[in-house]
Amino acid sequence: MVAGVAALLLRGVKEDAPRAVTLPGVLREEAGTRLAVGTAVRDEPLREERGYRTVLARQFSSVTPENAMKWAVLEPERGKLDWSAADRLVDFAVEHGQAVRGHTLVWYSQNPAWVEGLKGAQLRQAVREHIRTVVGRYRRKVAVWDVVNEPFEDDGTRRKSVFQRELGDGWAEDALRTARTADAQAKLYINEIGAEAPGPKADAYFALAQDLLARGVPLDGVGFQAHFSESGVPDGFRENLERFAALGLDVAITEADVALEEPADAAALRLQARVYEEVARTCLAIERCVSLTVWGFTDRFSWIPETQPGRGEATLLDERLGPKRAFREVLRVLEGR
Ligand code: G3I
């Protein structure tokens, strides 16, 4: 027994980590070439848990680093870059034939302290250097970039950030143009939370997309994070995404999860499954909806309980990597049933 435990520890496999169970189908296989089915990925379980890696490799055709490519993680001190977690995920994706959604280049949150203190031209230069360095490192490996993340407040005004304060509205355009010079092939996205349904935020998001396109700013797609709850999919979700697609843009569901009050009873889990089903059907119904990414695939690793005490169980698989009703529903939709 001791030898067994030692072997597990030597291999860096946490003894209590859940092993991959047999799931009732394979999401990436059922999705085929219609759309990429993805998930956010955490570095610790990717490093240490074989069950997590097994499910990740088998079920998903796209991966998004949940945190590994955020500026504060990559470059906590100016000029001292730590690529280890980001490289680990990109290498895993290459090994398993998965696309990588690079997340994220310019965001109001998770910036290193030294960036928050920069002014004007110094900040612009630092942002350009950051984008060129990160996008350049992963050229031909990262297929899609969330270049601009969450530019708006809920009322549709520009979100307050060091970039908005120091550089004005033009920071988003500058980031997209810089990313294009760093990689001529990657698909460049803007990505937003809470803009899934018509309203001031979605309208401002739409106006930004229109304006960028009208001025020839490189923009290939728009992301809708789809962090939902028991309240379900908001009215107008499909119509809202369709108007962006009508601009000639790809649309993507980039961070779907459905948060529940814990512990979730059978009725809540049935409701959750219906919400995931509607998200998947909506994406499939829109030709330009090219990917459906969930924000973590197991309740064991989700931002929800870490930020919303008493809430969680938001993902497709339970803590033991077993299938929840939500997994079966998404699988059924992808099977065309
Ligand atoms: O890695 C450090 C660790 O060393 C330290 O001990 C610990 C305690 O302070 O913090 C750890 O970093 C945390 C990081 O997640 C990794 O777990 C940060 O504090 C924490 O703020 C960070 O939260 C992430 C959050 O973005 C902020 O970056 C969540 O995991 C992640 O799910 C969430 O994802 C965002 C998307 O990027 C954008 N859309 C919204 C979505 C949910 O907020």
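Our subject is the structure that appears above.
All values derive from a computational prediction rather than experimental measurement.

*Asks:* Can you explain the overall build of the protein? Please cite residues and give values.
*Replies:* Each helix and strand counted, the protein has 15 helices and ten strands in total. Against the globule reference of 20 Å for 337 residues, the protein gives a C-alpha radius of gyration of 20 Å, in line with a compact fold. A principal-axis box enclosing the C-alpha atoms of the protein has dimensions of 60 × 45 × 40 Å. Here the protein carries 46 positive and 52 negative side-chain charges, and the mean point of each set is 4 Å from the other.

*Asks:* Give me the environment of R101: which residues, what numbers.
*Replies:* Residue placement: R101 occurs in strand 3 (residues 99-107). Distance from R101 to V90, taken between C-alpha atoms, is 9.8 Å for residues eleven residues apart in sequence. The residues contacting R101, other than those within four sequence positions of it, are S62, V63, T64, P65, V142, V144, D146, Y189, T254, S291 and T293. One polar contact links R101 to D146, side chain to side chain, over a distance of 3.0 Å.

*Asks:* Account for the packing of helix 11 (residues 200-214) against helix 12 (residues 237-245), naming residues and giving values.
*Replies:* For the pair helix 11 and helix 12, interaxial distance at closest approach is 10 Å and the crossing angle is 10°. Regarding the angle of helix 11 to helix 12, the classification is roughly parallel. On helix 12, the residues that touch A202, D203, Y205, F206 and A209 of helix 11 are N240, R243 and F244. The residue makeup of the contact of helix 11 with helix 12, split by class, is five nonpolar, one polar and two charged.

*Asks:* Can you lay out the site of the ligand for me, pointing to particular residues and giving the numbers?
*Replies:* If you check the shell around the ligand, you find 14 residues, and the closest are E66, K70, H103, E150 and E255. One of the side-chain nitrogen or oxygen atoms of Q110 is found 3.3 Å away from an oxygen atom of the ligand. Within the side chain of W295, an N or O atom sits 2.9 Å from an oxygen atom of the ligand. In isolation the ligand exposes 790 Å². Once the protein is present, 51% of that is buried.

*Asks:* Help me get a handle on the state of the cysteines, residues and values and all.
*Replies:* Tallied over the entire structure, the rule returns one disulfide. Covalently, C283 is tied to C289 through a disulfide, its sulfur atoms 2.0 Å apart. For the disulfide bridge between C283 and C289, the dihedral angle about the S-S bond is near -100°, and by the sign convention the bridge is left-handed. The buried category is assigned to C289, whose relative accessible area is 0%.

*Asks:* Mind laying out the packing of aromatic side chains, listing which residues take part and the relevant values?
*Replies:* One pass over the structure, following the stated rule, counts twelve aromatic pairs. For the pair Y52 and F301, a centre-to-centre distance of 5.7 Å together with 85° between the ring planes defines the contact as edge-to-face. On the criterion of sequence distance, the pair formed by Y52 in helix 4 (residues 50-59) and F301 in the loop between strand 9 (289-294) and helix 14 (303-307) is long-range, its members being 249 residues apart. Among the residues examined, F301 registers a relative accessible area of 12% and is labelled buried.

*Asks:* Break down helix 10 (residues 171-182) for me, citing the residues and quoting the values.
*Replies:* The periodicity of an α-helix, 3.6 residues per turn, causes residues three or four places apart in sequence to face the same way. In this model, helix 10 (twelve residues) spans 16 Å end to end at C-alpha, consistent with the 16 Å of a helix rising 1.5 Å per residue. Buried residues dominate helix 10, accounting for nine of its twelve residues. Within the span of helix 10, buried status applies to W171, A172, E173, D174, A175, L176, T178, A179 and A182. Here the buried face of helix 10 lies against strand 3, helix 8 (120-137), strand 4 (144-149), helix 9 (162-167), strand 5 (187-192) and helix 11.

The rules behind each value
Residues numbered from 1 in each chain as written. Predicted model: local features only at pLDDT ≥ 70, side-chain atom pairs only at ≥ 80, totals over all residues. Heavy atoms only, no water. Helix = DSSP H or I, 4+ residues; strand = E, 2+ residues; numbered from the N terminus. Rg over C-alpha atoms; globule rule 2.2 N^0.38 Å. Lys, Arg positive; Asp, Glu negative; His and termini not counted. Charge placed at Lys NZ, Arg CZ, Asp CG, Glu CD. Contact = heavy atoms within 4.5 Å. Polar contact = N/O pair within 3.5 Å; in protein donor to acceptor, adjacent residues only side chain to side chain. Axes fitted to C-alpha atoms, helices over the stretch in contact; angles between N-to-C directions. Parallel < 35°, antiparallel > 145°, perpendicular 65-115°, else oblique. Nonpolar A, V, L, I, M, F, W, Y, C, P; charged D, E, K, R; others polar. Near = heavy atom within 4 Å. Areas by Shrake-Rupley, 256 points an atom, 1.4 Å probe, with all protein chains shown as cover. Disulfide = S-S within 2.5 Å. Buried < 20%, exposed > 50% of the residue type's maximum accessible area, 1.4 Å probe, protein only. Phe/Tyr/Trp six-rings, centres within 6.5 Å; stacked < 30°, edge-to-face > 60°. Expected span 1.5 Å × (residues − 1).

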